[in-house]
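Residues per chain, in single letters:
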Amino acid sequence: MTLVAGVDSSTQSCKVVIRDAESGRLVRQGRAGHPDGTEVDPAAWWLALQEAIDSADGLADVAALSVGGQQHGMVCLDADGAVVRPALLWNDTRSAQAAADLTAELGAEKWASAVGLVPVASFTITKLRWLAEHEPDNAARVAAVCLPHDWLSWKLSGSTSIDDLVTDRSDASGTGYFDPRANEYRRDLLQLAFGRDVLLPRVAAPSEAITGGGSLVFGPGGGDNAAAGFGVEAGDDAVVSLGTSGTVFARSTQPAYDPSGIVAGFADMSGAFLPLVCTLNAARVLDATARMLGVDLATLSNLALEAEPGAQGLTLVPYLEGERTPNLPNATGAIHGLTLASATRQNLARAAVEGMLSGQAAGLDALAAQGCSVAGVRIVGGAAQSEAVRRIAPTVFGVPVEVPPPGEYVADGAARQAAWVLTGGDSAPSWSGGPGKALRYEGSVTAGLRDRYAVAAERIIDR
């Protein structure tokens, strides 16, 4: 039996899965936590990866490995490969003004045409502008810029030369200086943001083996959303991923073009495209609501299902950490429709679930406008384990919902890529016949819910 490993280095933790390369059967797995915060010393990711590998009983019998990681982060290295400053993560919003400035300097339509997206605070390119403006001494030391998954793959390879940095097109497409249609960096945009050129990772092909250490073969890896879609083998279904952030995406043979900036024109891990909408607020909206009510998540789910659909008009706008879509980095959340009748624990629990899902439903509408199929939706991520989320989702989305068996889909997607690297060929091996069956949920749309949410969201201001 040939084994492959997949890594998910996310915002909150590092997960490692080891699977049979032919069938995808899970053999063993490991996990380790990451520190909190929106800027992190990459050394913490490396330590967590070592701990997760150890807890998965090591890699001695593994033939190939790929790394999936959180997108957009800025990892800056000097000429010797040393980290210049703690990495800024995707959810660090200090570069919001830089994003606005860059958009104004070039124009939203030109950005969308050039790289398939319009700058927001999450993207690497805006963080580089912030660095150049606010930390010029650190900026002067930067010789190379890479992404979290690039840096971990490089560390695993054992190289100390920045010339050996490698990425893939799915993660590169989230930087703001890569054109996924031409598969080329836009160094003119990098220079516009940072003031000068720097070394960038080589972009490997989807199934290309990159330099590894010893007998272990390394795949190019990918961004977390692309890896999750690859791991769940979604096909033409849209995917709603409810983790720290909420992402809505679908595989497409055509690149996205959206000057509004709502849809980002990313690439996937197979060589196609991955139009994507991202929100900053997803599973943690439920965490916060459960904390307010003094209950655990299971009880929150039960409370939500006890309430009537629509929560008697109670509407929660879940911008608890600002928001990326719509682009309101300094906004806060709000509750509308609070009356003596609606002021119950059950209604608040339901409004939290409906509000979180309404934010994702707006993303599905945006994908449909780009020509993507949204006739079916697969829900993955931590919040997908909530029975309330599963049952309420069809009443918000208006389409049937499938929930695959619980899994580490980002790590699974990375492992599937590693198997592809070993086997070669034009397409990746299919693991869809593995153990576990997706659960299907249907339901009628809750009248007026989306309209009330849209009106409430329109009242939010960027403070």
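The present account deals with the structure reproduced in this document.

What follows concerns the state of the cysteines. The tally for this structure, following the rule as stated, stands at zero disulfides. No disulfide involves Cys 278; its sulfur sits 16 Å from that of Cys 372, the nearest cysteine.

To continue, consider the pairing of strand 21 (residues 377-380). Residues of strand 21 alternate between two faces, with Val 377 and Ile 379 on one and Arg 378 and Val 380 on the opposite face, all of them buried. Direction of pairing for strand 15 (residues 238-242) relative to strand 21: parallel, over a ladder of four bridges. In the strand pairing of strand 21, Val 240 is matched with Ile 379. Two strands pair when backbone bridges link them, and strand 21 and strand 22 (residues 401-403) are joined in this way by two bridges, in the parallel orientation.

Moving on, we come to helix 12 (residues 345-369). For helix 12, spanning 25 residues, the distance from its first C-alpha to its last is 36 Å, which sits close to the expected 36 Å at 1.5 Å a residue. Among the 25 residues in helix 12, 19 count as buried, and that is most of the element.

Turning next to the side chain of Glu 354. Its place among the elements puts Glu 354 in helix 12. A relative accessible area of 1% places Glu 354 in the buried class. At 2.9 Å, the side chain of Glu 354 and the backbone nitrogen of Gly 310 are in polar contact. Here Glu 354 is in contact with Pro 309, Gly 310, Ala 311, Ile 392 and Leu 449, once residues within four sequence places are set aside.

Attention shifts here to the nonpolar core. In this structure, Leu 242, Leu 357, Val 377, Ile 379 and Phe 397 are the most contacted members of the largest nonpolar core, which totals 48 residues. Mapped by element, the contributors of at least two residues to this core are strand 15, helix 10 (283-293), helix 11 (297-306), helix 12, strand 21, helix 13 (387-397) and strand 22. Counting residues per element, this core draws most heavily on helix 12, at 11 residues. In this view, Leu 357 contacts Leu 242, Val 389, Ile 392, Ala 393, Val 396 and Phe 397; residues no more than four positions away in its chain are not counted. Counting residues in each nonpolar core, the second largest holds 47 residues, with Val 120, Val 142, Ala 226 and Val 380 among its members.

Criteria and cut-off values
Residues numbered from 1 in each chain as written. Predicted model: local features only at pLDDT ≥ 70, side-chain atom pairs only at ≥ 80, totals over all residues. Heavy atoms only, no water. Disulfide = S-S within 2.5 Å. Buried < 20%, exposed > 50% of the residue type's maximum accessible area, 1.4 Å probe, protein only. Helix = DSSP H or I, 4+ residues; strand = E, 2+ residues; numbered from the N terminus. Pairing = 2+ DSSP bridges. Expected span 1.5 Å × (residues − 1). Polar contact = N/O pair within 3.5 Å; in protein donor to acceptor, adjacent residues only side chain to side chain. Contact = heavy atoms within 4.5 Å. Core = buried A, V, L, I, M, F, W, Y, C linked by side-chain atoms within 4.5 Å.

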